[in-house]
Amino acid sequence: VLGKKGDNVSGPFITLADSNQRFVTTLLDGTDIGKVAVDHKVEVIFDALPNQIFIGRITQIDPNLYTPAGDQILTQTPGQVTMIKVLVSLEETTSNTIQTLPLGMTATVNVIGSETDGVILIPIQALIEQAPGKYSVLVMENGLQKSRSVEVGLMDFSFAEIKSGLTVGEIVVISK
């Protein structure tokens, strides 16, 4: 409570919290608005617990735009960096540990838009784009580099899933 009897107030002066359910509010780059949705899985790593990953889900996406400092943008100007605010609900299985953390802890939040298991991954630098959405890689065959078309699935900034065109154990050449 930030006020006392008789104070004039012009903004919030009391904070209420339900410690049975923990939420994390975070700002994401505004250019990612098309990549996040309610119910996307989220990994949260609190600065105070760097070796522990907490799982949650996006429960709300604020319709307003924000500055990187967290101030609401009323009128956007060309070239202005914008952020979107999302609310993440942490899963109950993690809430027992998190109950001991004070409110307001800082954390890193990773939104997982898609995921897959048991697939072939190659470094993104190994892909050669032949046309939009069409890729090949250089594969070592009998000591020679050979070009081979591949079907690419999920990609991030570091790795690409290969759906077809390669088998486990083949050697790809990083061409960049």
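Source: prediction; values computed, not measured.

Colleague: How should I be thinking about the pattern of salt bridges in this particular structure?
Modeller: Where charged atoms from two side chains of opposite charge come close, those side chains can pair. For the coordinates displayed, the defined rule picks out five salt bridges. Of the charged contacts, one joins Asp32 and Lys35 as a salt bridge, the two residues approaching to 3.6 Å between their closest N and O atoms. The exposure class assigned to Lys35 is exposed, which follows from its relative accessible area of 58%. The partner of Arg148 in a salt bridge is Glu170, with the nearest N and O atoms 2.8 Å apart. Here Glu170 lies in the loop between strand E11 (159-164) and strand E12 (172-173) and Arg148 lies in strand E10 (residues 144-155), a separation of 22 residues in the sequence.

Colleague: I tried to follow the environment of Glu151 on my own but got confused; where do I start?
Modeller: Relative to the assigned elements, Glu151 resides in strand E10. For the pair formed by Glu151 and Val36, sequence separation is 115 residues and the distance between their alpha carbons is 25 Å. Residues contacting Glu151, with those up to four places away along its chain left out, are Glu161, Ile162, Lys163 and Ser164.

Colleague: Just to check I follow, could you spell out the packing of aromatic side chains for this structure?
Modeller: Each aromatic ring pair is characterised by the separation of its centres together with the angle its planes make. Applying the stated criterion across every chain, the model contains one aromatic pair. Between Phe46 and Phe54, the aromatic rings sit 5.4 Å apart at their centres with planes inclined by 80 degrees, giving edge-to-face as the arrangement. You can call Phe46 buried: its relative accessible area is 6%. The class of Phe54 is buried, set by a relative accessible area of 1%.

Colleague: What is the right way to read the nonpolar core from this model?
Modeller: Residues Val24, Val42, Val44, Phe46, Ile58, Val88 and Leu90 are the most contacted members of the largest nonpolar core, which totals 14 residues. Of all the secondary-structure elements, those providing two or more residues to this core are strand E1 (23-29), strand E2 (41-46), strand E3 (54-66) and strand E5 (83-90). For this core, the element with the most residues is E5, which contributes four residues. Counting twelve residues, the second-largest nonpolar core is a separate cluster that includes Ile122, Val152, Ala160 and Leu166.

Colleague: Where do I start with the environment of Ile58 in this structure?
Modeller: Residue placement: Ile58 occurs in strand E3. The class for Ile58 is buried, based on a relative accessible area of 1%. Expressed as a C-alpha distance, the spacing of Ile58 and Asp7, which sit 51 residues apart in the sequence, is 37 Å. Apart from residues no more than four positions distant in its own chain, Ile58 is found in contact with Val36, Ala37, Val38, Asp39, His40, Val42, Val86, Leu87, Val88 and Val111.

Colleague: What am I meant to see in a nonpolar patch on the surface here?
Modeller: A surface patch of nonpolar side chains, amounting to about 560 Å² of accessible area, comprises Leu2, Val9, Phe13, Ile14 and Leu16. Relative to the elements of secondary structure, Leu16 occurs in the segment before E1. Judged by relative accessible area, which is 77%, Leu16 ranks as exposed.

Scoring rules and cut-offs
- Residues numbered from 1 in each chain as written.
- Predicted model: local features only at pLDDT ≥ 70, side-chain atom pairs only at ≥ 80, totals over all residues.
- Heavy atoms only, no water.
- Salt bridge = Lys/Arg side-chain N within 4 Å of Asp/Glu carboxyl O.
- Buried < 20%, exposed > 50% of the residue type's maximum accessible area, 1.4 Å probe, protein only.
- Helix = DSSP H or I, 4+ residues; strand = E, 2+ residues; numbered from the N terminus.
- Contact = heavy atoms within 4.5 Å.
- Phe/Tyr/Trp six-rings, centres within 6.5 Å; stacked < 30°, edge-to-face > 60°.
- Core = buried A, V, L, I, M, F, W, Y, C linked by side-chain atoms within 4.5 Å.
- Patch = residues over 30% accessible without salt bridge, like charges linked within 9 Å, V, L, I, M, F, W, Y side chains within 5 Å.
- Areas by Shrake-Rupley, 256 points an atom, 1.4 Å probe, with all protein chains shown as cover.

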